[in-house]
Amino acid sequence: MKKVFGVLLISLLSACASQGTQPSAEVEDKSRGVTAPSEESTRGTEATPTLNPLTDPNNILSRRSVYFDFDSYVVKDEYKSLVVAHAQYLRDNGNARALVQGNTDERGSREYNLALGQRRADAVKYVMTLSGARESQVESVSLGEEKPRATGHDEASWAENRRADIRYQGE
Amino acid sequence: MTGIIYCFANSLKVTPMLPVHIRLRKFCPYAAVLLLWLASAPLHAALNIEIFGGGATQIPIAIVPFAAEERLAQGITPVVSSDLQRSGLFRLVDPGGLRPHEPVEVVYPDWANRGAGAVVIGSTTAIPGGQVAIRVRLLDVARQTELAVYTETVPATQLRAAAHRIADIIYEKLTGDVGVFSTRIAYVIKQGKKYSLQVADADGFNAQPVIEYTEPIISPAWSPDGKQLAYVSFENKKPVVYVQTLATRARKAVANFRGSNSAPAWSPDGKKLAVTLSLMGGSQIFLVNVDGSGLQRLSQSSGIDTEPNFSPDGQSIIFTSDRGGSPQIYRMPVSGRASGTAERLTFEGSYNVSPDFSRDGKSFTFIHRNGDRFNVAIQNLATRQVQLLTDSQFDESPSFAPNGKIILYATEVRGRGILSAVSSDGKTRQQLSTQAGDIREPAWGPLSR
């Protein structure tokens, strides 16, 4: 018994000692290394009034969000024309590149939601590639439940967050 | 003290220095019974703890303040008392005015009259060089015998750790199970825009940041030896799996493939990780060596396969898959002829996710959607019997304690994430909350021996 606790003591002491010397500088260094622009800064450009079809409020291409039912990644009929319009834009603008970001509401598993967000982004990308976009023009990624647009804890917020967003390179 | 505390304004507040006699009302398991008042705790105490309900067969134990303990910067018996009480298996008996420190000073009938089945006595001696010598005896009141004697000399800065070891010994002697008071937990706290992956003692003390970022961190997973954590960080604008050594803070991206990389799970030998990658489309489970080499696809489906978790023998993985139309838990062998052939384990309801094996491999805990609620459940692998353990609204990320007796999970109170723990029989619950911020993604570390 005594021997066991001796070992236990040593391992605990070493664990605690090493934790005690953790420098916080390293953490800060890594934070500074993150240079990608924040989501907010890319979002801000959408509001700029312009004749660009992607941002003209009268153009369907200014609509970027596809909404989903709970635990579903089926692109509903009401969003098909929106997705097809973006596919045709990509077909007509061979240099354009789109990013589809899948999101979920906060309920349930974070990891399952990450995968579900991926399925939503993939489903939108699939419709786009069927409708004229090249596979290489569209990247699908998931933010899972980690980047909610609506921060409430109610059905209205959850519905807003069950969403895939289409973004264009340079936005 | 925190947002959740005033919702239990009638709860009894107790200073750990004053052991009190508390009767847990079994017919009202969800009433807040005890709030451990940690105002006198060290500054780095990050979590507050509340206990709900109690087991049907609690062991009545009297813990007598140790000789000269009041001169120490950190008392030992308050820590031992709160550890034992938190387990739900013990009822603290007030020693009243009795203060024996040696066996000869113990008058057993006095303790029998107080209803104590066991008595803990001891002494502390400060010795030059900042060390403290501790001597503890566990006494059986009915048999009037000594069940255990334990001596240890520790630096004055390690008194809490020593107290946890003493609680482990008492727990083991009186319940026959391994104590987990000396183990550690990992979790993520979100405060404002900052995400902090932290490691703390099992009682929430000594919280230390492992990494901090302004992008999400999820899914911490302990290596079997407790020296490393795998986790998923979004710091590069997409999920990447890292393994970090706690002692040196050195870390390595072990899965940083095209697409998303997530859900790390350690093999029991600590050599491999199961991860979920979108590398080949969809979300599928792969095996990768801890150094990032030897990528090997494991699951084969057109749906979502994620949240892998190894069986303790390392032979199989349980995971979440929606291949049957809704997320359910499946099991598949890791190697051999049947590798990747999955068998469905959960059939009740349309949403069962986040499986975690018990350390004996006989059951697994998971999250079950129950109407509008997401609750912690446990399923026995042999009988397939399912038991719901909680009735809260939004539970996530259940994680077994290494003795299989407690399940740590994340839940939500008034829109704020907190940690909670439930005994694997569902009878006792406790809550751990922070002063500020959302706490989530808990993972219980291994035994430290």
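Please read all numbers here as calculations on a predicted model, not as lab measurements.

Parameters and conventions
- Starting afresh in each chain, residues are numbered from 1 along the sequence in its written order.
- Starting at A for chains and at 1 for ligands, labels are handed out in the order in which the entities are written.
- Since the coordinates come from a predicted model, pLDDT governs what is reported: local features require at least 70, and pairs of side-chain atoms require 80 or more to be given and counted, while whole-chain, interface and lining totals use all residues.
- Here a helix means four or more residues in a row that DSSP labels H or I, a strand means two or more in a row labelled E, and each is numbered from the N terminus.
- Every C-beta atom is placed from the backbone, and the number of other C-beta atoms within 10 Å of a residue's own sets its class: buried at 20 or more, exposed at 12 or fewer, partly exposed in between.
- Any pair of residues counts as being in contact when their C-beta atoms, constructed from backbone geometry, are within 7 Å of one another.
- What counts as a domain boundary in this text is fixed by an automatic or database domain assignment.
- Residues are grouped as follows: nonpolar covers Ala, Val, Leu, Ile, Met, Phe, Trp, Tyr, Cys and Pro; charged covers Asp, Glu, Lys and Arg; every other residue, Gly included, is treated as polar.
- Pairing between strands is defined by DSSP: at least two bridges between the two strands are required.
- Angular values range over 0 to 180 degrees, each being the angle between N-to-C directions of two axes fitted as lines to C-alpha atoms, with helices fitted over their stretch in contact.
- These descriptions rest on fixed angle ranges, namely under 35 degrees for roughly parallel, over 145 for roughly antiparallel, 65 to 115 for roughly perpendicular, and the rest for oblique.
- For any helix crossing, the convention is left-handed if the near helix is rotated counterclockwise from the far helix by under a right angle, and right-handed if that rotation is clockwise.
- Multiply 1.5 Å by the residue count of a helix minus one, and that product is the helix's expected span.
- Throughout, the arc means that of the directions going from the helix axis to the C-beta atoms.

1. Focus on the overall build of chain A
Next, step 1: Tallying secondary structure elements over chain A gives six helices and four strands in all.
Next, step 2: Secondary structure elements in chain A, listed N-terminal to C-terminal, are α-α-α-β-α-β-α-β-α-β.
Next, step 3: Within chain A, the proportion of its 171 residues that are buried is 35%.
Next, step 4: Counting contacts in chain A only where the partners sit at least 6 residues apart, residues at least 24 apart contribute 69% of the total.

2. Considering unusual backbone geometry
Residue and element names in this part refer to chain B.
Next, step 1: One non-glycine residue, Ala-68, lies in positive phi territory at about 65°.
Next, step 2: Turning to its location among the elements, Ala-68 is positioned in the loop between β4 (59-63) and α1 (77-86).
Next, step 3: For Ala-68, a count of 13 C-beta atoms within 10 Å gives the class partly exposed.
Next, step 4: Backbone geometry at Asn-206 places phi at a positive 60°, although glycine is not the residue there.
Next, step 5: Within the element layout of this structure, Asn-206 appears in the loop between β10 (194-201) and β11 (208-213).

3. What about the domain arrangement of chain B?
Residue and element names in this part refer to chain B.
Next, step 1: Along its sequence, chain B is carved into domain 1 (57-182) and domain 2 (184-444).
Next, step 2: The interface is formed by ten residues belonging to domain 1 together with twelve residues belonging to domain 2.
Next, step 3: Elements that contribute at least two residues to the side of domain 1 that touches domain 2 include exactly α1 and α3 (159-175).
Next, step 4: Ranked by the residues each element gives to the side of domain 1 that touches domain 2, the list is headed by α1, at three residues.
Next, step 5: Residue classes in the side of domain 1 that touches domain 2 are distributed as three nonpolar, three polar and four charged.

4. A few points about the pairing of strand β9 (residues 184-191) of chain B
Next, step 1: Within β9 of chain B, six of the eight residues are buried, leaving the element largely enclosed by the surrounding structure.
Next, step 2: Adjacent in sequence and paired antiparallel, β9 of chain B and β10 of chain B are bridged by two residues, among which Gly-192 of chain B carries a positive phi angle near 60°.

5. Observations regarding the packing of α1 of chain B against α3 of chain B
Residue and element names in this part refer to chain B.
Next, step 1: Orientation of α1 relative to α3, taken along the N-to-C sense of each, is 45°, at an axis distance of 8 Å. Relative to α3, the element α1 is oriented oblique. Classified by chirality, the crossing of α3 by α1 is right-handed. Across the interface between the two elements, Val-79, Val-80, Asp-83 and Leu-84 of α1 pack against Arg-160, Ala-163, His-164, Ile-166, Ala-167, Ile-170 and Tyr-171 of α3.

6. Remarks on helix α4 (residues 80-92) of chain A
Residues and elements named next belong to chain A.
Next, step 1: In a regular helix each residue adds 1.5 Å, so 13 residues correspond to 18 Å; α4 covers 18 Å between its end C-alpha atoms and thus fits that length.
Next, step 2: Restricting attention to buried positions, one finds in α4 the residues Leu-82, Val-83, His-86, Ala-87, Tyr-89 and Leu-90. Considered in projection along α4, the buried side chains sweep an arc of 160° and stay on one side of the axis. Looking at α4, the residues exposed on the side facing more than 90 degrees away from the buried face are Ser-81 and Asp-92.
Next, step 3: Taken together, the buried residues of α4 touch β1 (65-67), β2 (98-103), α5 (110-130) and β4 (163-168).

7. Considering the pairing of β4 of chain B
All names here are of chain B.
Next, step 1: Bridging between β4 and strand β5 (residues 90-92) involves three bridges; their strand directions are parallel. Within β5, the position partnered with Pro-60 by the bridge is Arg-91.
Next, step 2: When β4 meets strand β6 (residues 118-127), the two strands line up parallel, connected through three bridges. Bridge pairing links Ile-61 to Ala-118 in β6.

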